[in-house]
Every structure is written in C-alpha cells, then in structure tokens.
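Examining the three-dimensional arrangement
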Amino acid sequence: MTTRNTLRAAGLEIIKFLIIALFVYTAITKVRDFEIFRLQLDQSPMLEGLGDLLAIVIPVALLATAILLLLDTSQKFGLNVTLGLLSLFTAYIAIVLPFFSSSLPCTCSGVFEGMSWMQHLWFNIGFIVLTTIGILLAKSDEKILQLQPP
Amino acid sequence: MKLTKIFIPMLAMVFAIGMAFATEKTNADTATEDYATKYVLVDSTWHTIEVEECIPGSEQCMVIFSEDPTATPYGVYNSRSLNDPTAGSGQAVLIEGPVPSN
C-alpha cells in the first residue's frame, strides 16, 4: 500500500472516529437528560406534539448510525446515513433560526450546552463537510481494494 | 490494518461513553450549586421561583415546569419588573413541580 493510500485510510478512520464519538456522546446525553430533551423538543417550532416520539427516535438513530460506521461492511451506508441525518438537523436549524432565535430552546447538552444556535449551525456544517470527505475517501478505498490482487 | 479498523471505532465509542458520564452533574454537584430567587410572570401575576444560575448568554433565561402539560417556557426576571430580565442562553431550565398559580 502506498503512502497516499495509507493517508487516505487514516483520514477515513479519523473521520469515522469523530462521527462515532459525536453521535454516541450526543445519544447518551439525550437519554441521560431525557425529560428535559423531550420537553425542549415539544416546544420547538414545527415539532409541537412530536416530543415523545422524537426523544426516542433521535438517540436510537444516532446509536444505529454509529454501529453502522463501526462495521467495515456497512461503513459506506453509515456515512451516507450520517450525511442525511446531519443535513436534516442542519436544515431544521437553518429554517427556524432566523424566525425563532429568541424563543428557540437549545436542545444541546453536555459539552455543547454553552453553544449558541449559530455556533451549532456552523458545527453541523463542519461535520457535513467532514462526512462528505469521508464518503469520497470510502469510495476510493473501495476502488483500491477492488484493484488489489486476492 | 484490520485490527485498527475495529479498534479505532471501538475506541471512539468508549471515549464518547466516558465523556458523556464525565460531564454528568452528580447529585452532590447539584446540591452544592447556588440556587437564586428569581421571578416569573404567570397569568399577569408575579411568582417567586428558586432557579439554578442560568447559563450566561445574550438571551433571556427561560424556565419550564415539569408538571406543565403544555411545557410553556416562561421568562425569568431578577425582580418583579418586565424591564429586569435575567440573562441566559435562551435554553429552558427545567423546574420540578407545577406552574405557580394564584
């Protein structure tokens, strides 16, 4: 394996590490502060009445995605799911931010508690960029594996 | 390489789980935290509440009451005046109990 390929593989592992750490950490803190998370979702714009459902669906989706990334065979699918989830969260923040900035409760928890919604938006955009790079690296990783003799 | 591919994601999981519990506030931490007397306006009447220090920020500190079925966020004030809002992050702090009533 060339140095370039080793760097690609290392880059992909670092990106997977960051996404898994973010998703598992977020899911656990949401479950830990379940009641607050549920109430905050319930009062969030466009999500009224969906707090009970989303408070369960979001942590489960985050943990399931982390497990997909854990397995080599499902990492490409996991990265695509990650991109989908992050795009969904980011689109929601971007839509509601200009209209509800003063009343929108922050559902951030743990070390992200002090983040403003604007910082949260940029943080998510950063992870979308990272995930996109990860998808591209996973594609080239696949091609290299196909080219390698059995 | 195969081992690294399993080991690094597993390390991420362990790291995240550890971090999640490391940032958890213990009961002892909560007990020693300063609670401040603040005010909320409910149905045009001022009520006194005991609230943990709001996270400093550019927005108003908000509270929601755990027994409020509508989970309405109420603005927090330092005194019985609408001109004296308590600064916060805009994040709602959960207060145990029902919404204060007359």
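Anyway, here's the lowdown on the structure attached to this text. In this text the structure is predicted, and so the values were computed from the model without any measurement.

A separate point is the nonpolar core. Judged by nonpolar contacts, the single largest core of 37 residues is most densely connected at I19, I20, F23, V24, L41 and L79 of chain A. Looking at this core, the elements that each hand over two or more residues are α1 (3-32), α2 (34-42), α3 (51-70), α4 (75-100) and α5 (117-147) of chain A together with α1 (2-22) of chain B. Setting aside residues no more than four positions away along its own chain, L79 of chain A makes contact with L12, I19, L69, T131, G134, I135 and A138 of chain A. C61, F65, V76 and I95 of chain B belong to the second largest nonpolar core, which has eleven residues in total.

So, about the side chain of K16 of chain A. Take K16 of chain A: it is sitting in helix α1. Judged by its relative accessible area of 1%, K16 of chain A is buried. Other than its neighbours up to four places away in sequence, K16 of chain A contacts L69, D72 and Q75 of chain A together with K5 and P9 of chain B.

With that out of the way, let us pick up the environment of I64 of chain B. Tracing the backbone shows I64 of chain B in strand β4 (residues 62-65). On a C-alpha basis, the gap between I64 of chain B and Q91 of chain B in space is 9.9 Å, while along the polypeptide they are 27 residues apart. Apart from the residues within four sequence positions on either side, I64 of chain B is in contact with L39 and Q43 of chain A together with A71, T72, P73, A92, V93, L94 and I95 of chain B.

With that settled, consider the pairing of β4 of chain B. All names here are of chain B. Burial along β4 is two-sided: the residues M62 and I64 and V63 and F65 are all buried. Alignment of β4 against strand β5 (residues 74-77), held across two bridges, turns out to be antiparallel. Counted as the bridge partner of V63 is Y74 from β5.

Once that is clear, we can look at the packing of α1 of chain A against α3 of chain A. Residues and elements named next belong to chain A. Where α1 contacts α3, the two axes come as close as 9 Å, and the packing angle between them is 155 degrees. The angle between α1 and α3 falls in the class roughly antiparallel. Judged by the twist between their axes, the crossing of α1 over α3 is left-handed. Residues K16, I19, I20, F23, V24, T26, A27, K30 and V31 of α1 pack against P59, L62, L63, T65, A66, L69 and L70 of α3.

Reading guide: rules and limits
- Residues numbered from 1 in each chain as written.
- Chains lettered and ligands numbered in written order.
- Predicted model: local features only at pLDDT ≥ 70, side-chain atom pairs only at ≥ 80, totals over all residues.
- Heavy atoms only, no water.
- Core = buried A, V, L, I, M, F, W, Y, C linked by side-chain atoms within 4.5 Å.
- Buried < 20%, exposed > 50% of the residue type's maximum accessible area, 1.4 Å probe, protein only.
- Helix = DSSP H or I, 4+ residues; strand = E, 2+ residues; numbered from the N terminus.
- Contact = heavy atoms within 4.5 Å.
- Pairing = 2+ DSSP bridges.
- Axes fitted to C-alpha atoms, helices over the stretch in contact; angles between N-to-C directions.
- Parallel < 35°, antiparallel > 145°, perpendicular 65-115°, else oblique.
- Left-handed = near helix turned anticlockwise from the far one by under 90°.

Any functional reading would require information that these geometric values do not contain.
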